[in-house]
Structure formats: C-alpha cells, structure tokens
Amino acid sequence: MESPNLTHGSVSINDTLVRNSQTTSVETAIALPIFMFAGGAIGNLIAIIVLSVSVQRRKSSAFYTLVCGLAVTDLLGTCLASPLTIANYLDHNVLNDHHVCEFHSFLLLFFGLTGLSIICAMATERYLAICCPYTYQRWGVDRRFAQKFLFFIYISHIFFCCLPMMGMSASELQPSGTWCFIDWWTQHNNKPVAAAYSVLYGAVSLLLILGTIVLNLAVCGALLLMRQRTVQRPVTRASVRERWRALSSAAETQMIAVLVMTSAVVLACSAPLVVRVFANRFMLKNDPKADLAAIRIASVNPILDPWIYILLRRSLFRRLLSLSRRGSSTRRSSSPTTQRDLFYPDLMRDSHVFTQLMYNTNIMTHLPATVKFTAYNTERQT
C-alpha cells in the first residue's frame, strides 16, 4: 500500500515542478509585452499632453499637427495591438481564432504603414516650408490642411490594409504563435494575387522610407547652401534687425531636430520588417526567428517616438542651444567685427557647425514679405 503512495507522491512532485517551470516561463515571456505596452501608452499620453500645452502659434502649425497625429497613431496602435498579444500569452488559443488573427494582422499592417506615411508627410512639409516657401503659402499649408491630410492617410490606409480581409491575401498565425501577419512565405503561398499584395505592401513602405530620406537630405542640403550664400551676401543695416529677429527664434530649429530624430527612429524600427517582407517573398529559405525579431523591433517604435517630443520641447531645446553658445563663447577670438558679423553677431564666431546649421532653418520661413529672392532661389515670387 505504501509503494503506490510513494510512486503517486513522486509523480505529483514531478508534475508540480513541471507546472511551476511552465508558469515561470510564461511569466517571464509575458513581462516583455506588458512592459512595452506600458511604455508605449504612458509615453504617448505624456507626449500628447506636452504637445497640447504648447503655445497657440505652435499648435496652429501644420508640422505640430502632424506630430500630434503621429503620437495619437502610436497610442492607438499600442492600445489596440498589445492587449491581444498579452491575452495570447495567457491563453494560446486567442490568436487561433481566424477573425481575431485577421484583426491583429490588420493592426500591424495599418499602424506600421501609417507611421511611415506621417513621417514622410512631416518631411514633405519641412521641405516645402524651407525650399519652396511661396508654394507653401500658396497651398495654404496650415493646421486644417494637415488635419485633412491625416484624415486622407487614415482612410486610404484602412482600405489598403483591409484588402487581405476581402480575399486579396490571407492572414495566418506566425510560427512563434504570438502574432499574426499576412501570408508572406513563398513556400506556403502560390497565389499570384496574394503574392502581389505582399510585394505591393513592401514596395509602398520602401517608397515611403526612401522618400523620407531624400526629403530630409534635401532640407539639410538646402540649409547648408543657404548658409553659404547668406554669409557671402552683402548686408545693410536696415535689414539686420529683421533678419536677426528671424534667427533668434528656435521654433524652426526645433522642428528640424524633431523631424530628424523621429525619422531616424521610425526608419530604423520599420526597415527590418520591410526587409523581411521582400526576403520571405523572393528567398527560398524562411527564417521565423528573423521575422519575430523584425516585428519586435517595429514594436519598439511607439515607445521611443514620444520621448523625442518630450525631450525636445521648446524650453529644453532653448537651454541646449544656450549651453552650446556659452561653451563656444569661451573659445572666441578677439578679432574685430566684420560686415558678415552684423548678420550673425554670435553665430559667425561659433565653432559648432550643428548650432550654425540649426540657426539657419529660420531664414526662409521668417523672412519679411518685402524680401525679393534672387535667381539662385528655388522659386521666384509670383
């Protein structure tokens, strides 16, 4: 009688140990999505509050309307997609439901593409404001214009990302069992329409990435060229006051800093998933671990974006510029003031190239209306 009891007792102990180890592994695995969900939700809420308390001039601009739209998009993506992932860790049958899997796939497709589109729109807005100021004014690019464009982005992307639900492609649970996406593997999917959709999605994402990079490079190049030409231009005392007033504002400099930092984060997080889309379509060997790593990197984007808006807010940005000028002032030479120093009284003696570059972003968008552009400008006044 004792022997069966001992055997039964040993089996119970082993079962208990197995259950405890499984519970520990589940708790460890679920900690990451919970942390990412909390970080994304809290960070984006703080960013929206920071943007909402901005001065009226900034709130009415098209750029900060797009920034706020990106923060809201990241918050919605985090609050809609992360709970499904967390629920699937608690119950592995959640994403086995076909409709839930399709919805999860739609969320990943939509918010990934929408984030890239808003970033590209931000880069386009800065390009028009700095390189094509009269076109910028003629089109009436303001807060209302940006709101209409955000609405267009949402509607068009909802339709495009709903195409798999309409039968153009199929959504399936990925091998890790923690996320759903379109059927993007060559071995499993031989339907030409479904293959065309995955390639189309990757191509659109790639075009948005390349467009953002080109526009940012064009803006930086225009600022460098603008600085060189402005420094060499003769300056009269009558124009010094207006030009220095334009240079003293840090609004445009902050916009460029936010754009560059946000673009770098979004592109770095989105590029691996775009690469995997093409790799799974055109390569014969699948790599589920690389796919999982790519979607996890893409999930980090909503966590990092809001802290760019928080850390680069107006007051902190001015302090950074002030510290940069103070540090460089200790190394200034005692050379006499030249005519070019009238245009940049402190800037021309600043050895920090970054500070000089950032100050020049104010020239095109803050010049008085009476200024006439010469032949080397990108557009002439109409």
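Residues numbered from 1 in each chain as written. Predicted model: local features only at pLDDT ≥ 70, side-chain atom pairs only at ≥ 80, totals over all residues. Heavy atoms only, no water.

Asks: Quick rundown of the overall build of the protein chain? Include the residues and the values.
Replies: Tallying secondary structure elements over the protein chain gives 14 helices and two strands in all. Sequence-distant contacts in the protein chain: of pairs separated by 6 or more residues, those separated by 24 or more amount to 80%. As presented, the protein chain carries roughly 20,000 Å² of accessible surface, and 66% of it is formed by carbon and sulfur atoms. (Helix = DSSP H or I, 4+ residues; strand = E, 2+ residues; numbered from the N terminus. Contact = heavy atoms within 4.5 Å. Areas by Shrake-Rupley, 256 points an atom, 1.4 Å probe, with all protein chains shown as cover.)

Asks: Mind laying out the pattern of salt bridges, listing which residues take part and the relevant values?
Replies: Between side chains of opposite charge, a pair can form when the charged atoms approach closely. Tallied over the full model, the rule gives two salt bridges. Its salt-bridge partner being Asp291, residue Arg276 comes within 2.7 Å of it at the nearest N-O pair. Residue Arg276 is found in helix H9 (residues 251-282), and its partner Asp291 is found in helix H10 (residues 288-311); the two are separated by 15 residues along the sequence. Assessed through its relative accessible area of 1%, Asp291 is described here as buried. (Salt bridge = Lys/Arg side-chain N within 4 Å of Asp/Glu carboxyl O. Buried < 20%, exposed > 50% of the residue type's maximum accessible area, 1.4 Å probe, protein only.)

Asks: Just give me the short version of the packing of aromatic side chains, but keep the residues and values in it.
Replies: A full pass over the atoms with the stated rule returns eleven aromatic pairs. Arranged with centres 6.2 Å apart and planes meeting at 45°, the rings of Phe149 and Phe152 form a pair that is tilted. Placement of both Phe149 and Phe152 in helix H6 (residues 143-161) is noted, with a separation of three residues, approximately one turn of the helix. Residue Phe149 is classed as partly exposed on the basis of its relative accessible area, which comes to 35%. Judged by centre distance (5.8 Å) and plane angle (50°), the rings of Trp179 and Phe181 are tilted. With relative accessibility at 4%, the residue Trp179 sits in the buried group. When its relative accessible area of 0% is taken as the criterion, Phe181 is described as buried. By way of ring pairs, the aromatic residues Phe106, Phe110, Phe111 and Tyr154 are connected into one cluster. (Phe/Tyr/Trp six-rings, centres within 6.5 Å; stacked < 30°, edge-to-face > 60°.)

Asks: So, the layout of surface pockets: which residues are in play, and what are the values?
Replies: Taken as a whole, the largest pocket encloses approximately 750 Å³ of empty space. Among the secondary structure elements, those contributing two or more residues to the lining of the largest pocket are helix H1 (2-52), helix H3 (62-90), helix H4 (98-131), helix H7 (192-232), H9 and H10. Among the residues forming the lining of the largest pocket, the class breakdown is 24 nonpolar, 14 polar and two charged. (1 Å grid on protein atoms, 1.4 Å probe; cavity = no way out; pocket = protein on both sides within 12 Å on 5 of 7 lines; lining within 4 Å. Points joined across faces, edges and corners; volume = space filled by probe spheres on them. Nonpolar A, V, L, I, M, F, W, Y, C, P; charged D, E, K, R; others polar.)

Asks: Give me the lowdown on the packing of H4 against H6, citing residues and values where you can.
Replies: Two elements in contact, H4 and H6, have axes whose closest approach is 10 Å; the angle formed by their N-to-C orientations is 145°. Here the hand of the crossing between H4 and H6 comes out right-handed. Contacts from Phe106, Leu109, Phe110, Leu113, Thr114, Ser117, Ile118 and Ala121 of H4 reach H6 at Phe149, Leu150, Ile153, Tyr154, His157, Ile158, Phe160 and Cys161. Of the residues in the contact of H4 with H6, the class split is 13 nonpolar, three polar and no charged. (Axes fitted to C-alpha atoms, helices over the stretch in contact; angles between N-to-C directions. Left-handed = near helix turned anticlockwise from the far one by under 90°.)

Asks: Describe in detail the nonpolar core, supporting the description with residues and values.
Replies: Among the nonpolar cores identified, the biggest contains 72 residues, and Phe63, Val67, Met122, Phe181, Trp184 and Tyr309 are the most heavily contacted of them. If one sorts the elements of this core by residue count, H4 sits on top with 18 residues. Excluding residues within four positions of it along the chain, Phe63 makes contact with Met122, Glu125, Arg126, Met255, Val258 and Leu259. (Core = buried A, V, L, I, M, F, W, Y, C linked by side-chain atoms within 4.5 Å.)

Asks: How would you summarise the environment of Ala264 if you had to cite specific residues and measurements?
Replies: Along the chain, Ala264 falls in helix H9. Under the relative-accessibility criterion, Ala264 is labelled partly exposed at 47%. Sequence-wise, Ala264 and Ile213 are 51 residues apart; in three dimensions their C-alpha atoms are separated by 9.0 Å.

Asks: Run through the environment of Met261, naming residues and quoting values.
Replies: Structurally, Met261 is set in helix H9. By relative accessible area, which is 44% here, Met261 ends up partly exposed. Sequence spacing of Met261 and Tyr309 is 48 residues, and the spatial spacing of their C-alpha atoms is 9.5 Å.

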